[in-house]
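Breakdown of the fold
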Amino acid sequence: MKKVLFLSVVFLVISCQKEVQLAQANHTIDSTLVDHSPVYIFLDTNGKDTIAEVNRKNTIGTTNWVFNVDKRLPLKVVIPEIIKLQEKREKAQFHKNEAAGNYFSYMDSVQKTLAFMPFKEVNYTYNTYFSTLYVKENPDYHVHFQTFAVNFKPKNKVSVDGNDVEMSELFTFLKEYTSFSSNGKRILIYVNFDERLTFDHYLSKIIELKALENEMVAISPTHFIYNKSKLPDCDCAK
């Protein structure tokens, strides 16, 4: 049996006597998800190490999968597990429903309700890659786009194309900067996250940036989670 509990600060999904503290964002993308089954990714420890404990024993292949991820998990721990689950689902040969999606659950901190963000189309590049490298290596694909690289760093720091921006001003800055610099092209925004950041930081910022999307602006479905020490000598993670 599982139950859902509201607290004043966090939304907890309690299952099998363990709890998941969900990420929070200030608006809802989807609140009406039906025909779904859960994946739980708990925070656990092994000595001094933080580990992600995955429980997907109640998932059904033909349903939407809801990933209930503990917001405190660092990206370097949780993203590899999410990638494994994405690959396992993609490679499944039986009990497959192409229309079924993958969703992250989170708490709408304003409405105090459970919400969902789809991520079936998201492709994670992990550890040694950065979006500016990807753009340079794929010029034919990007010739019709004006691309921008947003880099989320520890200590609540962020930059756009190497220019430091106050986190509280990121949305407004991007809206104005991309409009001014687009040269009439469609805008493609790439997101890069230092792997030391938490899942809460990642999901809340993705949801915030998705509000920028329209016919001319898109957030790339390729998300870059990097280890700065393993990036090439490109000076790209400013």
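Description of the structure in this document. None of these values were measured; they are calculated from a predicted model. (Residues numbered from 1 in each chain as written. Predicted model: local features only at pLDDT ≥ 70, side-chain atom pairs only at ≥ 80, totals over all residues. Heavy atoms only, no water.)

1. As for the environment of Asn127
Counting through the fold element by element, Asn127 comes out in strand S10 (residues 123-127). When its relative accessible area of 15% is taken as the criterion, Asn127 is described as buried. Between the alpha carbons of Asn127 and Val78 there is a distance of 13 Å; along the sequence they are 49 residues apart. In this view, Asn127 contacts Glu195, Ile225, Tyr226, Asn227 and Lys230; residues no more than four positions away in its chain are not counted. (Helix = DSSP H or I, 4+ residues; strand = E, 2+ residues; numbered from the N terminus. Buried < 20%, exposed > 50% of the residue type's maximum accessible area, 1.4 Å probe, protein only. Contact = heavy atoms within 4.5 Å.)

2. Notes on the pattern of salt bridges
Scanning all chains against the criterion turns up 7 salt bridges. Note that Glu53 is salt-bridged to Lys18, the shortest N-O span being 2.4 Å. In this pair, Glu53 sits in strand S6 (residues 49-55) while Lys18 sits in strand S3 (residues 18-21), placing the two residues 35 residues apart along the sequence. Classification of Glu53 as partly exposed rests on a relative accessible area of 27%. With its nearest N and O atoms 3.6 Å apart, the salt bridge here joins Lys205 to Glu208. Of the two residues, Lys205 and Glu208 both sit in helix H5 (residues 199-210), 3 residues apart, roughly one turn of that helix. (Salt bridge = Lys/Arg side-chain N within 4 Å of Asp/Glu carboxyl O.)

3. Topic: the packing of aromatic side chains
Using the criterion set out here, one finds 19 aromatic pairs in the structure. Ring centres of Trp65 and Phe67 lie 6.4 Å apart, and the angle between their planes is 45 degrees; on these two criteria the pair is classed as tilted. With respect to class, Trp65 is no different from Phe67; both count as buried. Between Phe67 and Phe104, the ring centres sit 6.1 Å apart and the planes meet at 80 degrees, which makes this aromatic pair edge-to-face. Here Phe67 is found in strand S7 (residues 64-69), whereas its partner Phe104 is found in strand S8 (residues 102-108), with 37 residues between them in sequence. (Phe/Tyr/Trp six-rings, centres within 6.5 Å; stacked < 30°, edge-to-face > 60°.)

4. Notes on helix H4 (residues 170-181)
End to end, H4 covers 16 Å across 12 residues, agreeing with the expected 16 Å (1.5 Å per residue, within 8%). Three or more residues of H4 are buried, namely Leu170, Leu174, Thr178 and Ser181. Taken end-on, H4 shows its buried residues confined to a sector of 80 degrees, consistent with a single buried face. Set apart from the buried face of H4 by more than 90 degrees, the exposed residues are Lys175, Glu176, Ser179 and Phe180. In this structure, the buried side of H4 is in contact with strand S11 (145-153), strand S12 (157-160), strand S13 (163-165), strand S14 (186-194) and H5. Backbone geometry just after H4 places Asn183 at a positive phi near 55 degrees. (Expected span 1.5 Å × (residues − 1). Arc of directions from axis to C-beta.)

5. Here's the deal with H5
Across its 12 residues, H5 extends 17 Å between first and last C-alpha, which sits within 8% of the 16 Å expected from 1.5 Å per residue. Among the 12 residues that make up H5, 9 are buried, leaving the element largely enclosed by the rest of the structure. Listed as buried for H5 are Phe199, His201, Tyr202, Leu203, Ser204, Lys205, Ile206, Ile207 and Leu209.

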